[in-house]
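Remarks on the overall topology
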Amino acid sequence: MASAANANLNAVRETMDVLLEISRLLNTGLDMESLSICVRLCEQGINPEALSAVIKELRKASETLKASENSTN
Amino acid sequence: MAHWTAFEKETERETKRLIGCLSGVEDEEDQNFQLALKFAWSNFRFHRFLDVDSHKVQRSINGIYEKLMVQSDVSKAESWMSLTEEFLNSPLPNTDGAKTDAHYSLVSLLLFLSDSPSNTNFTERPRIKEAEAKDNFDWARYLMEGEDIDDGPYPDTPEWSEESEDEDSQQPISREDSGIQLDRTPQDDQDNNNKTVPVTWTVGEPGARAWLEQNVVTPYWVAHAPRFPHSLHLHSNLLNVWDQHLYNTDPLYLPEEKAFVTETQVIRETLWLLSGVKKHFIFQHHDGKVIVRNNVVVTHLTSNCLRSVLEHIAVYGQAVFRLQRFIDEVTGYSSEPCPPSSGSSHGGTKKASEPPFRTYQAFVWALNKYFTSFKEELTTIEREIICNDETVTLSAVLERLHPHLVQIKVLHKVFCTGVAEVPHETPNVVRASHLLNILYKAIIEYDSVGEASEQAVALLFSLWTETVRPYLEIVDEWIFYGHLFDPAKEFIIQRNKDVPVNHRDFWYATYTLYSVSETVDSEEKLSDAASGSSGGDPGSGSKQLTMVSFLKPVLKQIIMAGKSMQLLKNLDRKDREPAEKSCRDAERKSLYALFLESVQSRLCSQEDSPAEGVTEQQATRRSLIRMQSIIKQHLQIEDVHDPLLAINFARLYLEQSDFHERFSGGDFIVDRSSQAVTCQTFELTLRSCLYPHIQRRYIECCGNLMQTLKKDYRLLEYLQAMRNYFLLEAGDTMYDFYTSIFEKVQEKESWQQLSFLNVQLQEAVGQRYPEDSSRLSIFLENIDPARKKHPVNNLEVLTLSYKVPWPVDIVISSECQKIYNQVFLLLLQIKWAKYSLDTLRFSDFTDVTKKQEGAACEEPAQLHHDPDSAQHGSGVQHQVQEAKDLDQLIKIHYRYLATIHDRCLLREKVSFVKEAIMKVLNLVLIFSDRWQAGFGAWKIESIDKMESDFKNCHMFLVTILNKAVCRGSFPHLESLALSLMAGFEQC
């Protein structure tokens, strides 16, 4: 059992590595953590286009927030 | 949302994580977070996008491949194809099968998010298949990006990649793999396009940080920091090799997220930590403790190895931090607002109204001095790192700092035991003496180790000399000016404010000595009941000795000198002009200065001491060694007042004395432990450098006081007056006084009138000693009716009083007067009996009565003689003249009084003898009374009874006294015993 689970774990780990490589190639700016969140969300059936829109918006918003914080400081 | 399914909950949790990850806002209650969550939810639920079309995605994949091929980016195109193919056929965590919707969703998501893939600099990282560990390092990428590294810090770096430099320079700074270099040297900058960037950045400007990151240092402290390039040599990648090994051997091994730093960064943070900086990346402060961040690694060491080194450093860092915090607390300087709980943990922070605790201040000053030099050393090392002229490794730095680290350890140990472990509510006096004791003990302890801890002893000695300064200043102020200035109540002796100097209790009740050790004699324990309970309870806190050890040998002298000085200041001294005094004060050196000078001169002059019993050859050799060392020392240290120099000289002296002993003493000396020698040396240093100054001052002060009391306050004359009146030495005067009373008694008139008695006393004294007539007075006291039954006790109502002026009443206290009075009453009773017999006329009576009278007469005469003999025998006059200090004088006087008291049989133990004598005296009085009443009133039975009573008493006295005399208990009663014996035989 343990070895099967372990093999599966390794396979998934590898998949994630491959996905990260693709992400890097496409210059998406996602790191391993956010990528794994995205994987889980997509597996749950979230529409990728909607997800990408959310990610882009969030990035934009947080940048604006940081900029405003910097200027107030 | 109770009806939510587990699925939705799961989705929401992931969404939250995503928001946290992307925006950095961790607080879920944050308004922005909530807004973002709402936004995400609404987008996820209510969107107008079509579902993922696998064909469309596949078309996009192919399109990108073509595009890359068109751009001749073959490797990228190949990678792209192989990666997507591989991904689509790989399993997903929660989805079974390949090329599912989820796979295509993910690819399409990445495609939506992609940002000009053709412009990116991508190299596929080799991945190890199956059981092989994932390689944390993208070797190829570093190979290719190595262009912007010159041979500067990493000369080992092998071939560079073919990538063009232009591409590199075009990269946005925020890119994950922007390849910003660490520790860019000026040479590096010259090769770089960025060299033209002017250093005109402003704090807070968004671009400024980026500029700093690019040109000064990689922000390794932020999460997902870009890696720095480094050599590919095996030695530089030990961590990876080890990780690989772990990955291969342990199936459950999961590589953690790691923060890569360079050794230079570790060294730098170490230096900062040791210099007291509080915010670090590698070392973290948590509840006053310094801990090492878990995931910090350097490429050429395994994490365990690095961790053990860093933890070793963290211990010292924590010591520095604690010491620094203590310094800040005591100085009142705090770089950041401390929470109230930790703020006054050592009692260092005080309200502005509280007087400063000078001992701690002095200790902090000494610590601060040390830290200044230590920080200089740290700065030097840091400067060397910046210069980059030579290789600086962590172990080399630690090696270099080793002596300092040892010293910090010593300091921290002393601090912990001497300061930190003292309970918060401890009074200052205990804190101060405890700290000084700990330092003192530590010196002796480390000294006993010998050469190994020479540095530690030098440091501790300098610390001790600094810390002891307030104490010596307090002593100085006290014994030179009679003013015990100790606002923070840190000195072991404290003044009781409620006793004025010109009070008779001054000498006894003014000062409270705290922390009296068991070895101190009770006579030195000055605390009276009231003041003792007010705070001097040293035993309750800790059982150990809290008395300041170094002052113990001279404590008595200090107390004597201090009290004498204060007394002297308050006496009107006629012999000294104020101008002269102030002139002397100006020239005077403080005790502390004298102490330092003595230490200096003692240690320097050791070389001049004659070497007894050493052969000439040895002497030459010794002096050679000495001279060499001395010259070396002088060259090294310019400042001759440096205590470090002093201790070095002490050590030098020690060496020589060992040397000397070894040659002159033979084997037995070698057996002696070095501890005895060294401890002795430290104590000897104190003995020769500190104690003589105090001793000298003690002699001077107390001598002055004695002189003043004797000359200006006529102490001896008052003592004589006491003897004159109480011990009836002024025979004529007192005769006039008591005969007038006895006459009254015989005439059966009332004599117990205060006015009559006082007039008689004044008349008698006024004739010969007019100056004393105003001081002497007599009082009547009600006595116990039970004791009144005998006529001889009638006299006991009298109390003679002599008004002794201040400050002589310190010596002749009211307690003394009570004893004097007891003796006086006894003498008066004897005088009365004698007077009664003297006034009888025996011409017509029988032999028996005569004999009785004769025997009875002898007794008072003998007894009367006793006080005189006591007085002359003891040579009290001489002793009083010789007395060094007031305490001694008081003691001599007390001893004298005790002797007289003893010889007059007034002690409780021999009261039965006194009772017998009183009975005889009583018989005499009754006999005389009856006689006066007339012979006719006598009955033969009563005469017989009296005779038998007398005989009994006589017998008893003879037996007792004979025994006692034989034993040698009452040598002064020998003559009385003999005469009684003779009288008894006559009967």
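Residues numbered from 1 in each chain as written. Chains lettered and ligands numbered in written order. Predicted model: local features only at pLDDT ≥ 70, side-chain atom pairs only at ≥ 80, totals over all residues. Heavy atoms only, no water.

**Observations regarding the overall build of chain A**
For chain A, the helix and strand inventory stands at three helices and zero strands. Secondary structure elements in chain A, listed N-terminal to C-terminal, are α-α-α. A burial count over chain A gives 53% of its 73 residues as buried. Entry remark: accessible area of chain A is about 3200 Å², with carbon and sulfur atoms responsible for 56%. (Helix = DSSP H or I, 4+ residues; strand = E, 2+ residues; numbered from the N terminus. Buried < 20%, exposed > 50% of the residue type's maximum accessible area, 1.4 Å probe, protein only. Areas by Shrake-Rupley, 256 points an atom, 1.4 Å probe, with all protein chains shown as cover.)

**Comments concerning the overall build of chain B**
Per the secondary structure count, chain B includes 40 helices and eight strands. Relative to its 987 residues, chain B shows a buried fraction of 47%. Long-range pairs, those at least 24 residues apart, make up 69% of the contacts in chain B between residues at least 6 apart in sequence. Accessible surface for chain B amounts to roughly 49700 Å². Of this, 53% is attributable to carbon and sulfur atoms. (Contact = heavy atoms within 4.5 Å.)

**Considering the packing of aromatic side chains**
All names here are of chain B. In the structure shown here, the tally under the stated rule is 20 aromatic pairs over all chains. Ring centres of tyrosine 370 and phenylalanine 371 lie 5.7 Å apart, and the angle between their planes is 70°; on these two criteria the pair is classed as edge-to-face. The pair tyrosine 370 / phenylalanine 371 is uniform in exposure class, with both members buried. Three or more aromatic residues joined by ring pairs make a cluster, and in this case those are Phe326, Phe357, Tyr360, Phe363 and Phe415. Directly above the aromatic system of tryptophan 41 lies the positively charged group of arginine 45, at a separation of 4.6 Å from the ring centroid. Its guanidinium or amino end placed over the ring of phenylalanine 756, lysine 744 lies 4.7 Å from that ring's centre, counting from NZ or CZ. (Phe/Tyr/Trp six-rings, centres within 6.5 Å; stacked < 30°, edge-to-face > 60°. Lys NZ or Arg CZ within 6 Å of the ring centre and 35° of its normal.)

**Regarding the side chain of B:His103**
Residues and elements named next belong to chain B. Among the structural elements, histidine 103 can be located in helix H5 (residues 101-113). Residue histidine 103 is classed as buried on the basis of its relative accessible area, which comes to 0%. Leave out the neighbours within four places in its chain, and histidine 103 touches Phe87, Leu88, Ser90, Pro91, Leu92, Gly97 and Ala98.

**Examining the interface of chain B and chain A**
Each side of the interface is counted separately: chain B has 68 residues, and chain A has 48 residues. Summing the contributions of chain B and of chain A, the shared interface buries around 5700 Å²; its carbon and sulfur component is 70%. Of all residues in chain B, the largest losses of buried area upon contact with chain A belong to B:Leu22, B:Leu110 and B:Leu113, amounting jointly to 12% of the total for that side. Where chain B touches chain A, the interface holds one salt bridge. Scanning the region where chain B abuts chain A turns up 10 residue pairs in polar contact (both at pLDDT 80 or more). The element contributing the most residues to the side of chain B that touches chain A is helix H1 (residues 6-23) of chain B, with 11 residues. Looking at the side of chain B that touches chain A, its residues break down into 35 nonpolar, 18 polar and 15 charged. (Buried area = accessible area lost by both parts, 1.4 Å probe. Salt bridge = Lys/Arg side-chain N within 4 Å of Asp/Glu carboxyl O. Polar contact = N/O pair within 3.5 Å; in protein donor to acceptor, adjacent residues only side chain to side chain. Nonpolar A, V, L, I, M, F, W, Y, C, P; charged D, E, K, R; others polar.)

**Points about the confidence of the model for chain B**
All names here are of chain B. Summarising the model, chain B shows a mean pLDDT of 72, and 69% of its residues fall at 70 or more. Confidence drops under a pLDDT of 50 for residues 515-545, and excluding neighbours within four residues, the segment shows 38 contacts in the predicted structure. A low-confidence stretch, residues 637-643 (pLDDT under 50), is modelled with 11 contacts involving residues beyond four sequence positions or located in other chains. Interface scoring of the predicted complex returns ipTM 0.94; its pTM is 0.58. (pLDDT = per-residue confidence, 0-100.)

**Comments concerning the side chain of A:Thr15**
Looking at the element boundaries, A:Thr15 is found in helix H1 (residues 2-25). At a separation of 2.8 Å, a polar atom in the side chain of A:Thr15 contacts the main-chain carbonyl oxygen of B:Pro91. Among all residues touching A:Thr15, those that are not within four sequence positions of it are B:Phe87, B:Ser90, B:Pro91 and B:Leu92.

**Structural notes on the pairing of strand E3 (residues 289-292) of chain B**
Residues and elements named next belong to chain B. Alternating positions in E3 separate cleanly, Val290 and Val292 being buried on one face and Lys289 and Ile291 remaining unburied on the opposite face. Summarising the sheet, strand E2 (residues 283-286) and E3 pair through four bridges and their orientation is antiparallel. Counterpart to glutamine 284 in the pairing with E3 is isoleucine 291. Linking two consecutive strands that pair antiparallel, namely E2 and E3, is a turn of two residues; a positive phi of about 55° is found at aspartate 287 within it. (Pairing = 2+ DSSP bridges.)

**Here we look at helix H34 (residues 814-838) of chain B**
Between the first and last C-alpha of H34(B) there are 35 Å, a value that for 25 residues agrees with the 36 Å anticipated at 1.5 Å per step. In terms of burial, H34(B) is largely enclosed, as 19 of its 25 residues are buried. (Expected span 1.5 Å × (residues − 1).)

**Points about the pattern of salt bridges**
When the charged atoms of two side chains with opposite charge come close together, those side chains can pair. Taken as a whole and judged by the stated rule, the model has 21 salt bridges over all chains. A:Glu57 is the partner of A:Lys60 in a salt bridge, and the nearest nitrogen-oxygen pair spans 3.7 Å. A residue pair is termed a helical-turn pair when its members lie 3 or 4 positions apart in one helix, as A:Lys60 and A:Glu57 do in helix H3 (residues 48-72) at three residues. The exposed category is assigned to A:Lys60, whose relative accessible area is 54%. With its nearest N and O atoms 3.2 Å apart, the salt bridge here joins B:Asp949 to B:Lys945. Remark: B:Lys945 and B:Asp949 occur in helix H39 (residues 940-967); sequence separation between them is four residues, near one turn of the helix.

**A word on the packing of helix H14 (residues 358-387) of chain B against helix H16 (residues 428-449) of chain B**
All names here are of chain B. Contact geometry of H14 with H16 gives a least axis separation of 9 Å together with a crossing angle of 35°. Seen from H14, the contacting residues are Thr359, Tyr360 and Phe363; seen from H16, they are Arg431, Ala432, Leu435 and Leu439. Taken together, the residues that form the contact of H14 with H16 break down as five nonpolar, one polar and one charged. (Axes fitted to C-alpha atoms, helices over the stretch in contact; angles between N-to-C directions.)

**Brief notes about helix H10 (residues 238-249) of chain B**
Residue and element names in this part refer to chain B. For H10, spanning 12 residues, the distance from its first C-alpha to its last is 16 Å, which sits close to the expected 16 Å at 1.5 Å a residue. Listed as buried for H10 are Leu239, Asn240, Asp243 and Tyr247. All buried residues of H10 project into a common sector of 95° when viewed along the axis, lining one side. (Arc of directions from axis to C-beta.)

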